[in-house]
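# Commentary on secondary and tertiary structure
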Amino acid sequence: MKNNEPIYVTKPFLPPFEEFTEGLKRIWDSKLLTNFGPIYNELLEGLKKYLGVENLSLIVNGHQALEIAISTLQLSGEVITTPFTFASTTHAIVRSGLEPVFCDIRMDNYNIDETKIEDLITEKTSAIIPVHVYGTPCNVEVIDAIAKRHHLKVIYDAAHAFGVKIGDQGIGTYGDISMFSFHATKVYNTIEGGGLAFSNAELAREIYLRQNFGIANAEEILLPGTNAKMNEFQALMGLLNLKYVEQEINNRKKKVELYRHYLSKIPGIKLLPNSEKIKQNYAYFPIVVTEEYGMTRDELAVKLQKHNIFPRKYFYPLITDFTCYRGRYRGDTPNARYIADRVLCLPIWGGISENMIYEICQVILGE
Ligand code: T4K
């Protein structure tokens, strides 16, 4: 059986077309297209509430947000991070003139292994940049305690973790700064976009300066900032999508439950564990294909492609195997290599049909 319509790893959520065109009238009327306009400010307040954070800045995309976070905290020397992530995390560190030091990951949730961080700290270490991979929270209590003990900063790459809560505490309240991505492929999007949530309210001005050329006022330029402002069109998309995000997450939850129903008992197909204490966002649906399955991850990916199904190997290749990074940085990460070689993210979005999930699982089940 082959689908007529290709099934990609995700589809962006879009609000009703008329709501967007109606919203555009606000921009035409105000003539404010960017530079912290009224829609930006409305979205900012809405997102603070939704994410359960006190301080938030909205940035043009998640990657720029990460670079701005690093610059704002004035990191130097070495930064301990994970190699099991999207290129952006390491690129932000390297592009800021810092040296990434790679810490291995946990085999149960693929996040940085907090028990291995302290061994990597040297006198040059200034920060830890963990990633809440696939939206699963890192062991934030332990990581924040390590940072405190060694006077290090913590920036969480929460690109995948929009709306995630531990108990009833927003994931963006941990560490010094958390970065959210609002890219089209995420649970919640502003087309492109990102956010920085932070604990110290005084950082708001520092972030603002860095995203707006360092301009304090018309006559005072304080630092060589970049241009990373979220514009009003992005903010409008964000404002409308915010109304639907809980619905999107609930729809994803149902689809993830269906995947689990079909796939939880297949030898050699490993799923992420569920946790009652976490409010999840169901951003990704990774499976890890081990030897017992009888086919490699790559063979399974090819088989799915033959059925017009296009899962993604997030995150392969491992960052330390990138052409630009191979052999350059410290860190022995066998667990990360094991998972990168075997992981496959299956298609997931709120509107994926139950039938599509059934077809995907049938291919995996070999039926
Ligand atoms: N840190 C982490 C841990 C991240 O994962 C990311 C981004 C960042 C930082 C940086 O945040 P941003 O600067 O991006 O805000 C995608 C996304 O572009 C990227 O945002 C994301 N992580 C990464 C994991 O995935 P690609 O190169 O895989 O995207 P692409 O274009 O192949 O899209 C995947 C599929 O989605 C397509 O096959 C079809 C569908 N799609 C995509 C787009 C863009 C659509 O249907 N419509 C669309 O508009 O990177």
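Up top you'll find the structure we're talking about.
Read on for a plain summary of the structure. (Residues numbered from 1 in each chain as written. Predicted model: local features only at pLDDT ≥ 70, side-chain atom pairs only at ≥ 80, totals over all residues. Heavy atoms only, no water.)

Looking now at the overall build of the protein chain. Helices and strands together make up the secondary structure of the protein chain, namely 10 helices and 17 strands. Its C-alpha atoms give the protein chain a radius of gyration of 21 Å, near enough to 21 Å, the size a compact globule of 367 residues would have. Principal-axis analysis of the C-alpha atoms places the extent of the protein chain at approximately 70 × 55 × 40 Å. By residue count, 55% of the 367 residues in the protein chain fall in the buried class. Counted over contacts in the protein chain with a minimum sequence separation of 6, partners at least 24 positions apart contribute 70%. (Helix = DSSP H or I, 4+ residues; strand = E, 2+ residues; numbered from the N terminus. Rg over C-alpha atoms; globule rule 2.2 N^0.38 Å. Buried < 20%, exposed > 50% of the residue type's maximum accessible area, 1.4 Å probe, protein only. Contact = heavy atoms within 4.5 Å.)

Moving on, we come to the pairing of strand β4 (residues 99–102). Taken together, the 4 bridges between strand β3 (residues 78–81) and β4 define a ladder with parallel strand orientation. By the bridge assignment for β4, Thr81 is matched with Phe102. Taken together, β3, helix α4 (residues 87–95) and β4 form a β-α-β motif whose crossover is right-handed. (Pairing = 2+ DSSP bridges. Right-handed = clockwise from strand over helix to strand, strands pointing away.)

Time to look at the sheet that holds strand β8 (residues 169–170). Strands sit in the order β8-β7-β14 across an open sheet of 3 strands; the sheet is antiparallel. Sheet topology places β8 and β14 (278–279) at the edges, where each strand pairs with a single neighbour. As judged from the 2 bridges shared by strand β7 (residues 165–166) and β8, these two strands associate in the antiparallel manner. When the bridges of β8 are listed, Ile166 appears paired with Gln169.

The tally for this structure, following the rule as stated, stands at 19 salt bridges. Lys116 is paired through a salt bridge with Asp113; the nearest N and O atoms lie 3.5 Å apart. With a relative accessible area of 33%, Lys116 lands in the partly exposed category. Between Arg149 and Glu118 there is a salt bridge; the shortest N-O distance is 3.1 Å. (Salt bridge = Lys/Arg side-chain N within 4 Å of Asp/Glu carboxyl O.)

Looking now at the sheet that holds strand β13 (residues 269–271). Read from one edge of the open sheet, 3 strands run β13-β15-β17, paired in antiparallel fashion. Each of the sheet's edge strands pairs with one partner strand only, and the pair in question is β13 and β17 (343–346). The sheet shows a mean angle of 35 degrees between the axes of neighbouring strands, direction not considered. Across 4 bridges, the pairing between strand β15 (residues 285–289) and β17 is antiparallel. Bridge assignment links Phe285 to a residue of β17, and that residue is Leu346. Set on the sheet, helix α7 (residues 232–263) makes contact with β13, β15 and β17; between it and β15 the angle comes to about 20 degrees. (Axes fitted to C-alpha atoms, helices over the stretch in contact; angles between N-to-C directions.)

So, on to the site of the ligand. Asp157, His160, Ser181, Arg312 and Tyr314 are the nearest of the 26 residues found near the ligand. Taking Gly62, its main chain carries an N or O atom lying 2.9 Å from an oxygen atom of the ligand. At a separation of 2.7 Å, a nitrogen atom of the ligand approaches a polar side-chain atom of Asp157. Here the ligand, which alone exposes 910 Å², has 74% of that area covered by the protein. Of all the secondary structure elements, the ones that give two or more residues to the shell around the ligand are α3 (62–72), α4 and β9 (177–181). (Near = heavy atom within 4 Å. Polar contact = N/O pair within 3.5 Å; in protein donor to acceptor, adjacent residues only side chain to side chain. Areas by Shrake-Rupley, 256 points an atom, 1.4 Å probe, with all protein chains shown as cover.)

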